[in-house]
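# Summary of structural features
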Amino acid sequence: MSDPAVVLDDLRRESEEVDRLVAELSDTRWAAPTPAAGWTVAHQVAHLAWTDRAALLAVTDAEGFRVEAEKALAAPESFVDDGAAEGAALAPGELLGRWRVGRERLWTALATAPPGARFPWYGPPMSASSMATARLMETWAHGQDIADALGAVRAPTARLRHVAWIGVRARDYAYLVRGLQPPAEPFRVELVGPGGEEWAYGPEDAAQRITGPALDFCLLVTQRVHRDDTALAAEGADAEHWLTIAQAFAGPPGGGRPAKEQA
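Scope of this entry: the structure provided in the associated data block. (Residues numbered from 1 in each chain as written. Predicted model: local features only at pLDDT ≥ 70, side-chain atom pairs only at ≥ 80, totals over all residues. Heavy atoms only, no water.)

## A word on the overall build of the protein chain
Counting its secondary structure elements, the protein chain contains 11 helices and 6 strands. On C-alpha atoms alone, the protein chain measures out to a radius of gyration of 18 Å, which is about the 18 Å that the 2.2 N^0.38 rule sets for 263 residues. When its C-alpha atoms are laid out on the principal axes, the protein chain stretches across 50 × 50 × 35 Å. Going through the 263 residues of the protein chain one by one, you find that 51% of them count as buried. Within the protein chain, contacts between residues at least 6 apart in sequence are counted, and of these 66% link residues at least 24 apart. (Helix = DSSP H or I, 4+ residues; strand = E, 2+ residues; numbered from the N terminus. Rg over C-alpha atoms; globule rule 2.2 N^0.38 Å. Buried < 20%, exposed > 50% of the residue type's maximum accessible area, 1.4 Å probe, protein only. Contact = heavy atoms within 4.5 Å.)

## Let's talk about the packing of helix H1 (residues 4-22) against helix H6 (residues 92-111)
Working note: a packed helix pair is described by the angle between its axes plus the distance between those axes. Axis separation between H1 and H6 bottoms out at 11 Å; the angle between their running directions is 175°. By the criterion of interaxial angle, the relationship of H1 to H6 is roughly antiparallel. Each of Leu8, Asp9, Arg12, Ser15, Glu16, Val18, Asp19 and Val22 in H1 lies in contact with H6, whose residues at this interface are Leu96, Trp99, Arg100, Arg103, Glu104, Trp107, Leu110 and Ala111. A per-class count over the contact of H1 with H6 returns 8 nonpolar, 1 polar and 7 charged. (Axes fitted to C-alpha atoms, helices over the stretch in contact; angles between N-to-C directions. Parallel < 35°, antiparallel > 145°, perpendicular 65-115°, else oblique. Nonpolar A, V, L, I, M, F, W, Y, C, P; charged D, E, K, R; others polar.)

## Quick look at the layout of surface pockets
The volume enclosed by the largest pocket comes to roughly 1,300 Å³. Taken together, 50 residues line the largest pocket, and the ones lying closest to its centre are Glu138, Phe249, Ala250, Gly251 and Pro252. The residue makeup of the lining of the largest pocket, split by class, is 26 nonpolar, 14 polar and 10 charged. (1 Å grid on protein atoms, 1.4 Å probe; cavity = no way out; pocket = protein on both sides within 12 Å on 5 of 7 lines; lining within 4 Å. Points joined across faces, edges and corners; volume = space filled by probe spheres on them.)

## What to know about the pattern of salt bridges
Side chains that carry opposite charge are capable of pairing whenever their charged atoms lie near each other. Counted under the stated rule, the structure contains 20 salt bridges. Measuring nitrogen to oxygen at the nearest pair gives 2.8 Å for the salt bridge that ties Arg100 to Asp19. Residue Arg100 is located in helix H6, and its partner Asp19 is located in helix H1; the two are separated by 81 residues in the primary sequence. A relative accessible area of 37% places Arg100 in the partly exposed class. (Salt bridge = Lys/Arg side-chain N within 4 Å of Asp/Glu carboxyl O.)

## Description of the side chain of His47
Looking at where His47 falls in the secondary structure, it is placed in helix H3 (residues 41-60). For His47, the side chain forms a polar contact with the side chain of Glu138, separated by 3.1 Å. A distance of 3.4 Å separates a polar atom in the side chain of His47 from a polar atom in the side chain of His142. If near-sequence neighbours (up to four positions away) are discounted, His47 is found in contact with Trp39, Val80, Ala84, Glu138 and His142. (Polar contact = N/O pair within 3.5 Å; in protein donor to acceptor, adjacent residues only side chain to side chain.)

## Overview of unusual backbone geometry
The phi dihedral of Gln223 falls on the positive side, at around 60°, and the residue is not glycine. Within the secondary structure, Gln223 is located in the loop between helix H10 (214-221) and strand E6 (233-235).

## Regarding the packing of aromatic side chains
Counted under the stated rule, the structure contains 8 aromatic pairs. When the centroid spacing of 5.8 Å and the interplanar angle of 50° are considered together, the rings of Trp50 and Phe79 count as tilted. You can see Trp50 sitting in helix H3 and its partner Phe79 sitting in helix H5 (residues 79-88), a full 29 residues away along the chain. Taking the relative accessible area as the measure of exposure, Phe79 reaches 13% and is therefore buried. Taken together through their ring pairs, the aromatic side chains of Trp50, Phe65, Phe79, Trp121 and Tyr122 make up a single cluster. Note that Arg12 overlies the ring of Trp107, its terminal NZ or CZ placed 3.9 Å from the centroid. Over the face of the ring belonging to Phe187 we find Arg171, whose NZ or CZ atom lies 4.4 Å from the ring centre. (Phe/Tyr/Trp six-rings, centres within 6.5 Å; stacked < 30°, edge-to-face > 60°. Lys NZ or Arg CZ within 6 Å of the ring centre and 35° of its normal.)

## Overview of the pairing of strand E4 (residues 198-201)
Where burial is concerned, the two faces of E4 differ: the one with Trp199 and Tyr201 is buried and the one with Glu198 and Ala200 is not. In terms of strand pairing, strand E3 (residues 188-192) meets E4 through 4 bridges, oriented antiparallel. Counterpart to Glu190 in the pairing with E4 is Ala200. Counting the residues that bridge the hairpin from E3 to E4 gives 5 residues, and of these Gly196 lies at a positive phi of roughly 90°. (Pairing = 2+ DSSP bridges.)

Put into C-alpha cells, the structure is as follows:
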C-alpha cells in the first residue's frame, strides 16, 4: 500500500465508478434518501466534494487547513453535516462539476507531492499514499450509500484491499476517539477478497483474530453495516469488542447502522 501511483490509479477508478452512478440522474433522483439519516444522494456527493477540497487544502496549504480544522473542531457534531448540506443545496449539475474538478485537482496534487511529505488531517498526519487511500475509502463508502439509495448493485473489486488496510491501521484510533485505551497486543485479521484471495494483517500467532469476507469487513469499518449483519468471526473478547466500534474514517465516533430486522 506504500506506492502512491497504485493507490491513485485505484482512487481514480473508484471515483469514476461512483460518477457513473449519478451522471445521468434526474433532479428527483438526486434528492433520493440514502441510508445515512437526513442525507440524499446530493448530500453524499457534496460530502465527497467537500472532503476532497479539505484534502487539497491540507496538501497545498497546511496553515490554511489548520484554520479550517479549528473551525471543524469547534463544531465537531455538525461540521460534516453542514458541509454536506451546503453542497447539496446546489443544482445537481453544478455540484457534480465541482466534485469532478476538485477530485482531479487533488489527484494531481497527490501525484506530484514530494516523496516522504506528510500532510495534516483531522486524525493523524498522512503521507500522499495514505491520503489517497483515505479518499478511496470515503469514495467507496459514500458510493455504497448512493448505490443503496438507487437500488444499484456494485460488484466488489480488488480495490477493497485499500479500504481493508486503512480499517486495520485505524484500529487504535477507534478506541482513542472514544476515550478508550487500545489493546496492547496486535490482532490478526484474515480476509477473503472478491476473487477468493487472502488478505492477511498482523502476526499469525495473535490470540485476537478476525476472519471473514473482505467486503463485510470493509462495510463494517466504514460503518455501512451492523456487526450482527456480517459473516465476520472474532476470536477473543478484544477482537469482538473492536468489531463493535471499528471506524476507518477520521473524526468523531460514528453512530453506525442499525441491525436489520430478522424475519
